[in-house]
Amino acid sequence: MEIKSIKIGNIEVPNNVFLAPLAGYSSAEMRVVCTLLGAGLAFTEMVSAKGLKYNPKATNELLYTYPEEKIKAVQLFGEDSEVLSWAVKSEYLQKFDIVDINMGCPVPKIFNNGEGSALLKDMNKASKIIESLAKCGKPVTVKFRIGLEEGNYVTKEFAKMCEDSGASLITIHGRVRTAIYSGDVNFKEIESAKNAVKIPVIANGGVFTKEDANVLMDRTGADGVMVARGAMNNPLIFSEITESKSALTFKEAVLMHLNLLEKRLGSERCAVIFRKQMAFYLKGVRDSKKLKEKAFSATSANEMRQIILNYV
Ligand SMILES: Cc1cc2nc3c(=O)[nH]c(=O)nc-3n(C[C@H](O)[C@H](O)[C@H](O)COP(=O)(O)O)c2cc1C
């Protein structure tokens, strides 16, 4: 794929290969590692605007950032344009350069609240949200799915609505809500949206290798790709896709992730949080089942570090 910089509003992003928002995973540490390895932009996990208003202490922890994150992008979810605007203007989001709105989350708890992918069936409401956030002065981007169920696609209309309402970029996950994360990506739907708007379009879904990124770009004509699960077990995917010299080996990347987390949260909490991360990092490793069990019983960062040093 052609690697090129992308303009999001007035912000120039160094390249067009992004790390996706990943609840429970795209922490500040993962973002720093992936950016160092070549990701052009990395999003926080989805953060509840309501949560920020009514339970700021817990929610604010999700908004931790490092100075190494040169361009900071936050993803919010919510359905109330007033609460969302409040969140964007609040002290908690001052440090972020770009605000993304989640209009694709399929999870029932979110959907039944009218949030995430529920907004696909209420274009007026979605438009009102984008319009009011765009007025807050930061570039606003939208991540959405192609529809709620197979055969009932909203991609092109929704993309146009995002553009008309003031979005600076859209990311399209080429699956419907009912598919969750499985099945083929619908290239045609992403392509139809790309041809209908002038703002940059990022294609998302099923990128696990450089070849997958090439196919997704070729078949959709998109301006860039967003990698999600493909980065969870292999952060080096960004240097592979961008064909840049990898700043770290795989082992060094995993160790850097652990070390940063330990420094921020202390040894014990770091070990507990890092367990689920290790389940991904150990995927291709020999004896991974036994090692995962070992990682899941680790109670200190040092124990975790020994597993990485000896086996990864
Ligand atoms: C564990 C997990 C957490 C996710 N969290 C978010 C999220 O917070 N916000 C969001 O927009 N999408 C979220 N997604 C969806 C991904 O960003 C992406 O759209 C989806 O996984 C498809 O890309 P892939 O096929 O490359 O994995 C999540 C996906 C997974 C697997």
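This is a predicted model, so every value here is computed, not measured.

Calculation notes
One numbering rule holds for all chains: residues counted from 1, following each sequence as written. The predicted origin of the model limits local features to residues at a pLDDT of at least 70 and limits the giving and counting of side-chain atom pairs to 80 or more, whereas totals for whole chains, interfaces and linings rest on all residues. Processing note: side-chain calculations cover all non-hydrogen atoms of the structure and skip hydrogens and water entirely. When two cysteine sulfur atoms are found within 2.5 Å, that pair is recorded as a disulfide. Working definition: with a 1.4 Å probe on protein chains only, accessible area under 20% of the residue-type maximum means buried, over 50% means exposed, and in between means partly exposed. Where helices and strands are cited, they refer to DSSP runs of H or I of at least four residues and of E of at least two residues respectively, numbered from the N terminus. The criterion used for residue contact is that any of the two residues' heavy atoms lie within 4.5 Å. We call a residue near a molecule or strand whenever a single non-hydrogen atom of that residue lies within 4 Å of it. The definition of a polar contact used here is a pair of N or O atoms within 3.5 Å, where within protein one atom must be able to donate a hydrogen and the other to accept one, and adjacent residues in sequence count solely through side-chain atom pairs. For accessible areas, the Shrake-Rupley method is used with a probe of radius 1.4 Å. Any residue's cover is judged against the shown protein chains and nothing else. Think of it as three bins: nonpolar holds Ala, Val, Leu, Ile, Met, Phe, Trp, Tyr, Cys and Pro, charged holds Asp, Glu, Lys and Arg, and polar takes everything else, Gly as well. The rule for pairing is simple: two strands pair if DSSP sees at least two bridges between them. The aromatic pairing rule takes the rings of Phe, Tyr and Trp, using the six-membered ring of Trp, and pairs them if the centres are within 6.5 Å, calling planes under 30 degrees apart stacked, those over 60 edge-to-face and the rest tilted. Definition used: whenever NZ (Lys) or CZ (Arg) falls within 6 Å of the ring centre and also within 35 degrees of the ring normal, the charge is taken to sit over that ring. In what follows, salt bridge is the name for a side-chain nitrogen of Lys or Arg lying within 4 Å of a carboxyl oxygen of Asp or Glu.

Q: Let's hear about the state of the cysteines: which residues, and what values?
A: Considering all chains together, one arrives at zero disulfides under this definition. C136 supplies the cysteine sulfur nearest to C162, a cysteine that is in no disulfide, at a spacing of 16 Å. With no disulfide of its own, C270 has C34 as its nearest cysteine by sulfur position, at a separation of 17 Å. A residue is classified by how much of its surface remains accessible, and C270, at 0% relative accessible area, is buried.

Q: Provide a residue-level description of the environment of M46, including the pertinent values.
A: Considering the arrangement of structural elements, one finds M46 in strand β4 (residues 41-48). In this structure the C-alpha to C-alpha distance between M46 and L63, which are 17 residues apart in sequence, comes to 9.8 Å. Apart from the residues lying within four places of it in its own chain, the contact partners of M46 are Q75, F77, N102, C105 and I110.

Q: How would you sum up the site of the ligand? Please name residues and give values.
A: Close to the ligand lie 18 residues; A23, Q75, N204, G206 and R229 are nearest. Between the ligand and K143 there is a distance of 2.8 Å, counted from an oxygen atom to a side-chain nitrogen or oxygen. The separation between an oxygen atom of the ligand and a polar side-chain atom of R229 is 2.6 Å. For the ligand, whose unbound accessible area comes to 610 Å², protein coverage reaches 90%. Counted by class, the shell around the ligand contains nine nonpolar, six polar and three charged residues.

Q: Can you tell me about the pairing of strand β11 (residues 224-227), naming the residues and giving the values?
A: By the alternation rule, side chains of β11 split into G224 and M226 and V225 and V227, which are all buried. Both strand β3 (residues 17-19) and β11 contribute to a ladder of three bridges, which runs parallel. Across the sheet, F18 pairs through a bridge with M226, a residue of β11. With three bridges connecting them, strand β10 (residues 201-204) and β11 associate as parallel partners. From the neighbouring strand, A203 faces β11, where its bridge partner is V225.

Q: So what's going on with the packing of aromatic side chains? Residues and values would help.
A: Throughout the structure, instances matching the rule amount to six aromatic pairs. Ring centres 6.0 Å apart and planes at 80 degrees place the aromatic pair F250 and Y281 in the edge-to-face group. In this pair, F250 is assigned in helix α12 (residues 250-265) and Y281 in helix α13 (residues 267-281), connecting sequence segments 31 residues apart. Assessed through its relative accessible area of 4%, Y281 is described here as buried. Geometrically, the ring pair formed by F274 and Y281 is tilted, given 6.1 Å between the ring centres and 45 degrees between the ring planes. You can call F274 buried: its relative accessible area is 0%. In this arrangement the basic side chain of R177 is found over the ring face of F111, its NZ or CZ atom lying 3.6 Å from the centre. Over the ring of Y25 we find K276; its NZ or CZ atom is 5.1 Å from the centre of that ring.

Q: Go over the environment of Q94, please, and point to the residues and values.
A: Turning to its location among the elements, Q94 is positioned in the loop between α4 (81-89) and β6 (98-103). Its relative accessible area of 49% is what places Q94 among the partly exposed residues. Not counting residues up to four positions away in its chain, the partners in contact with Q94 are V88, K89 and K138. A polar contact of 3.1 Å, which involves the side chain of Q94, links it to the backbone oxygen of K89.

Q: Please provide a residue-by-residue account of the pattern of salt bridges, values included.
A: Considering all chains together, one arrives at eight salt bridges under this definition. R31 serves as the salt-bridge partner of E69, at 2.6 Å between the closest nitrogen and oxygen. With E69 in the loop between α3 (56-61) and β5 (73-77) and R31 in helix α1 (residues 28-36), this pair connects stretches of sequence that are 38 residues apart. Where R269 meets E61, a salt bridge forms, and the shortest distance between an N and an O atom there is 2.8 Å. In this pair, R269 sits in helix α13 while E61 sits in helix α3, placing the two residues 208 residues apart along the sequence. For R269, a relative accessible area of 41% gives the class partly exposed. In this structure E61 comes out as partly exposed when scored by relative accessible area, which is 39%.

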